[in-house]
Amino acid sequence: MSQAAAALTVAGACVTLGGRPVLREVNFSLTAGEFCGLIGSNGSGKTTLLRAILGFVPLDQGRIELGGQGTLPGGIGYVPQKIELDPGLPLRARDVVALGLDGARLGPALPSRSRAERVEQMLAAVGASEFADRRVGLLSGGQQQRVLVAHALVRRPRLLLLDEPLANLDVRSTAEIVALLRRLSRQSGTAVLLSAHDMNPLLGAMDRVVYLASGAAVAGKADEVVRTEVLSSLYGYHVDVVRVHGRVVVVAAEAREESHAAVERDPVHTAPVP
Amino acid sequence: MVLTAGFLDNEPMRIALSVGGGAALVCAVVGVATVMRRQAFAAHALADVSSAGGSAAYLIGVNPLLGFLAMAAAAAGIMEWADVRSARERDLLTGVVLGAGLGLAALLLYFDATVRSVGGAAVTVLFGSMFAIPAGIVPLALAVAAVALLASAIIHRPLLVSTLSADLARAQGIRVRAVALTHSVALALAVALSAMTVGAILSTALLIGPAAAALRLARRPASAVALAALIGLASTWGGTVLAYESYYWTPGRGWPVSFCIVTLIFCAYLAASWVGARAERPQVQHPSGCQGH
Amino acid sequence: MFAPFMAHAWIVATLVALVAGAVGFFVVARRAAFAAHALPLGAFPGAAAAGLLGVNPLLGLTLFAALGVIAITQLQRGERREVASALWLALSLAVGTLLLSLSGQYAQGLYGLLFGEVLGISARQVLGVAILSALALGLLALFARPLLLDSLSGELAAAALGRARRLEWVFLLVLALSTVMALPVVGALLVFSLMVGPASAARALTDRPWRALGGSVVLALLVVWSAIALAYLTDWPVGFFVGLLSGACYVLGRLRGPGAAVQTA
Ligand SMILES: Nc1ncnc2c1ncn2[C@@H]1O[C@H](COP(=O)(O)OP(=O)(O)O)[C@@H](O)[C@H]1O
Ligand SMILES: [Mg+2]
């Protein structure tokens, strides 16, 4: 992976929402096939950053470029943070994936062998063949997550954005989805940017991490970024990066945390005690 | 039951069957998307508001279908223009537009009765009169039906993605507002057409009933549309023939067409939800937490 | 307009506005505008049935309103709420057309039932309306807090009360009571706009729930009183003015309210 194929470049991106700065000078770039974690606590600006990349939120300053050119809709696959699939809709998992392929086209879809095959392959790739013909609104959270990943990937985007896809999954599904995304990104050359509030499930998989705190970001290799001095300077007060039993925990000194409570109530990423 | 021979030779009957059939078909197709998008209330509101247009048409003496069309399109335009996102605001806005439109209808019908002394206008506008559709309306009605069907077919897929999730659609490059506006226009056309046939008040049945019934059974959007069209057509034609025949069984007046059609639609809905519930039972293990809305 | 024969109209209109304003607060909170429209309109065939049988129309209206409550709650199982309201409305109106055609009194009386009639309210009707409004307000006072909690989140109410499902029944019952009484005066088509308009404006004027409820009642009173006065002066239908003034309330609320501005979040 050299600098040759930049899939995404974010340069000095600033966003203000409701009069409050939400992103401040965010800089990072992704190359094709790279798997990147977007880590930050609740309210740090992860969703806003992803929506800015999609062009849903205008930038105040800076620029966001895709594959060297401007933003192109459709060239990005997206799995939103909170998506409630209505059980009242008559859509099977395979219909949702097919809509990812050509849902923006006008007119009814003509039956097509190659289209059906591509959908079938995608369903198999995410391990959703088993429930491909079930109503999508009635599937479990993890199953819906897989279907939505397939929906996003089926048109072979150069960039895949996933907003907290691991939030509601158990340990096993989390590991499976991460491994799956890792594999798919390697195979297809799709750059993956995945947001999460806990970095631990991603530690072994991430090529790169973008760490957000109160809208400011640092980016780099995981062991370059997740360090006491780097994160302390990002937060603006002292935090300790502690490694226990192969997990990373970021701990803030309590007194400092209170002084900064307005924006960062919970800068501590702890792993659940087993 | 013995059908009276030759009901197809009867001119009003032929018109009723063709315009009614067109309305049923359009309503079924547009209705499926409408129910999926939770716009049943909006559909009903458009129908009621369009009755103000119908009343105005009687007042100034133009083609009533034009009146229904103009008012339905205006109301749809207002609701889309306001661009309200949250479900609560949409519910409220629909209610307010409905209230204002009905108030206007009240006034216009009052003028129909007092200024033009068209006493029966209220009944005709609100409850429809399938057997009294003037032949001159047929070409316009069928053209409106064709336009609505075409528009629905064109936006079929983008509308489905938008219904699933607006963000997902936007990420795919779909212009969500334009698609929604096109759907609303198709809805307004469907509503005007059915208001003309079964009456403003009952067009909701034609629009929502077959679609809701089909959605209880179908597993795919395309089959939902086909099934809804089938139910809508069968109920409309069956109801029209039933009403026509009822003149011969009942002493004197017969049953109103709207009553026959709506009753058939409702029976179809009950049957569909019974079958649908039976088919679903093994799949859904614990509906205990389900709140029904 | 304050002649003795108008006295009944004023009394009934005041009662109607009191109840509609209060109930409207919950209609807005619970997003139930369609039900508030479908219940009264679906009850009007009851008047036709009563005419056919020669009994008090209020009896027929009450019966059909009760049927509406049962039908809507039953149809809501495993179905979208708005579809349930639409189906009930369609069915009852279809039955209404049949009843009207059977009774042969097609046009007369129909207009008044749909769009309201201020004149010719009898003393017995006033008594009936008074009793029904007392009932509706009593039920509302009893269940105000659970209903509010349920509007915020059905699951919260279920956790706190055990049975949130019952609340939908209570709410629809109150709605039915209040629409039945209001129907002969404001008309089946427009009762609901008296609930939606004032309450939507009131919610935009304050962030406190019970103050919004009070504001809704005050606005509803203003709307009904002005509508009757204007109808009396112009001889135009009351329903027209109710619809118009309620719409004006909503627009005013959206223009100036703080509550209306925060809907983007
Ligand atoms: N539409 C909006 N208007 C004003 N502030 C917003 C808006 N959307 C998000 N915010 C604020 O921006 C910050 C970042 O939000 P978000 O990107 O959703 O965080 P995350 O996804 O990391 O939890 C939060 O403080 C949130 O309150
Ligand atoms: Mg987020």
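These figures come from a predicted structure and were not determined experimentally. (Residues numbered from 1 in each chain as written. Chains lettered and ligands numbered in written order. Predicted model: local features only at pLDDT ≥ 70, side-chain atom pairs only at ≥ 80, totals over all residues. Heavy atoms only, no water.)

All names here are of chain C. Running from amino to carboxyl end, helix α2 (residues 33-53) crosses helix α3 (residues 57-75) at an angle of 140°, the nearest separation of the two axes being 7 Å. Judged by the angle between their axes, α2 and α3 are oblique. By crossing handedness, the relation of α2 to α3 is classed as right-handed. On α3, the residues that touch L39, G42, A43, F44, P45, G46, A47, A49 and A50 of α2 are P57, G60, L61, F64, A65, G68, V69 and I72. Split into classes, the residues belonging to the contact of α2 with α3 amount to 13 nonpolar, 4 polar and no charged. (Axes fitted to C-alpha atoms, helices over the stretch in contact; angles between N-to-C directions. Helix = DSSP H or I, 4+ residues; strand = E, 2+ residues; numbered from the N terminus. Parallel < 35°, antiparallel > 145°, perpendicular 65-115°, else oblique. Left-handed = near helix turned anticlockwise from the far one by under 90°. Contact = heavy atoms within 4.5 Å. Nonpolar A, V, L, I, M, F, W, Y, C, P; charged D, E, K, R; others polar.)

Remark: a regular strand shows side chains that alternate across the two faces of the sheet. Residue and element names in this part refer to chain A. Examined bridge by bridge, strand β10 (residues 239-244) and strand β11 (residues 247-252) share 6 bridges and lie antiparallel to one another. In the strand pairing of β11, V244 is matched with R247. Turn length for the β10-β11 hairpin, with the two strands adjacent in sequence and antiparallel, is 2 residues, and the turn residue H245 shows positive phi of about 45°. (Pairing = 2+ DSSP bridges.)

For the rest of this paragraph, the subject is the site of ligand 1. All names here are of chain A. In the region of ligand 1, the neighbouring residues are L17, G18, R20, V22, S41, N42, G43, S44, G45, K46, T47 and T48. The side chain of T47 places a nitrogen or oxygen atom 2.6 Å from an oxygen atom of ligand 1. For ligand 1, an oxygen atom lies 2.5 Å from a polar atom in the side chain of T48. Coverage of ligand 1 by the protein amounts to 64% of the 560 Å² it exposes when considered alone. Of all elements in the fold, only β2 (20-31) and α1 (46-54) reach the threshold of two or more residues within the shell around ligand 1. (Near = heavy atom within 4 Å. Polar contact = N/O pair within 3.5 Å; in protein donor to acceptor, adjacent residues only side chain to side chain. Areas by Shrake-Rupley, 256 points an atom, 1.4 Å probe, with all protein chains shown as cover.)

Here we come to the coordination of the magnesium ion (ligand 2). Residues and elements named next belong to chain A. Coordination of the magnesium ion (ligand 2) by the protein comes from T47 (OG1) and Q81 (OE1), over a distance range of 2.0 to 2.4 Å. Separated by 34 residues along the polypeptide, T47 in helix α1 and Q81 in the loop between β5 (76-79) and α2 (93-102) bring together distant segments of the chain. Among the residues examined, Q81 registers a relative accessible area of 40% and is labelled partly exposed. (Donors = N, O, S within 2.8 Å, 3.2 Å for Na, K, Ca; no water. Buried < 20%, exposed > 50% of the residue type's maximum accessible area, 1.4 Å probe, protein only.)

We now examine the interface of chain C and chain B. Counting residues at the interface gives 55 residues for chain C, matched by 53 residues for chain B. Summing both sides of the interface, chain C and chain B together bury roughly 4900 Å²; the carbon and sulfur share of this comes to 72%. In this structure, the connection of chain C to chain B is made through 2 salt bridges. Among the ionic pairs, R216 of chain B bridges to E79 of chain C, the shortest N-O distance being 3.5 Å. (Buried area = accessible area lost by both parts, 1.4 Å probe. Salt bridge = Lys/Arg side-chain N within 4 Å of Asp/Glu carboxyl O.)

Another aspect to go through is the packing of aromatic side chains. Following the criterion strictly, the structure yields 12 aromatic pairs over all chains and no others. For the ring pair W255 of chain B and F259 of chain B, a centre distance of 6.3 Å and an interplane angle of 85° mean the geometry is edge-to-face. You can call W255 of chain B partly exposed: its relative accessible area is 31%. Overall, F259 of chain B belongs to the buried group, its relative accessible area being 14%. A network of ring pairs unites the aromatic residues Y110 and F111 of chain B together with W236, F240 and F241 of chain C as a single cluster. Seen from the ring of F56 of chain A, R170 of chain B lies directly overhead, with NZ or CZ sitting 5.6 Å from the centre. (Phe/Tyr/Trp six-rings, centres within 6.5 Å; stacked < 30°, edge-to-face > 60°. Lys NZ or Arg CZ within 6 Å of the ring centre and 35° of its normal.)

Counting residues at the interface gives 27 residues for chain B, matched by 34 residues for chain A. For the chain B and chain A pair, buried surface summed over both sides reaches about 2700 Å², with 62% attributable to carbon and sulfur atoms. Sorting the residues of chain B by area buried against chain A places R157, L164 and Q172 of chain B first, and these three jointly supply 29% of that buried surface. Taken together, the connections running from chain B to chain A amount to 2 salt bridges. Measuring nitrogen to oxygen at the nearest pair gives 2.7 Å for the salt bridge that ties D167 of chain B to R51 of chain A. At the junction of chain B with chain A, the criterion picks out 7 residue pairs in polar contact (both at pLDDT 80 or more). Elements with a minimum of two residues in the side of chain B that touches chain A: α6 (137-154), α7 (156-164), α8 (166-171) and α11 (221-249) of chain B. Top contributing element to the side of chain B that touches chain A by residue count: α7 of chain B, with 7 residues.

All right, on to the pattern of salt bridges then. Tallying each qualifying case throughout the model produces 20 salt bridges over all chains. The salt bridge involving K46 of chain A is made with E164 of chain A; its shortest N-O contact spans 3.4 Å. Within this pair, whereas K46 of chain A is found in helix α1, its partner E164 of chain A is found in the loop between β6 (159-162) and α5 (171-188), the two being separated by 118 residues in sequence. For the pair K46 of chain A and E164 of chain A, a shared accessibility class is recorded, and that class is buried. In this structure, R157 of chain B and D102 of chain A form a salt bridge, with 2.8 Å as the shortest nitrogen-oxygen distance. Highlighted residues: R157 of chain B in helix α7 and D102 of chain A in helix α2, drawn from two different chains. The two residues R157 of chain B and D102 of chain A agree in class, both being buried. Ionic contacts of the salt-bridge type, sharing partners, join the residues R92, R94, D95, E120 and D133 of chain A into one network.

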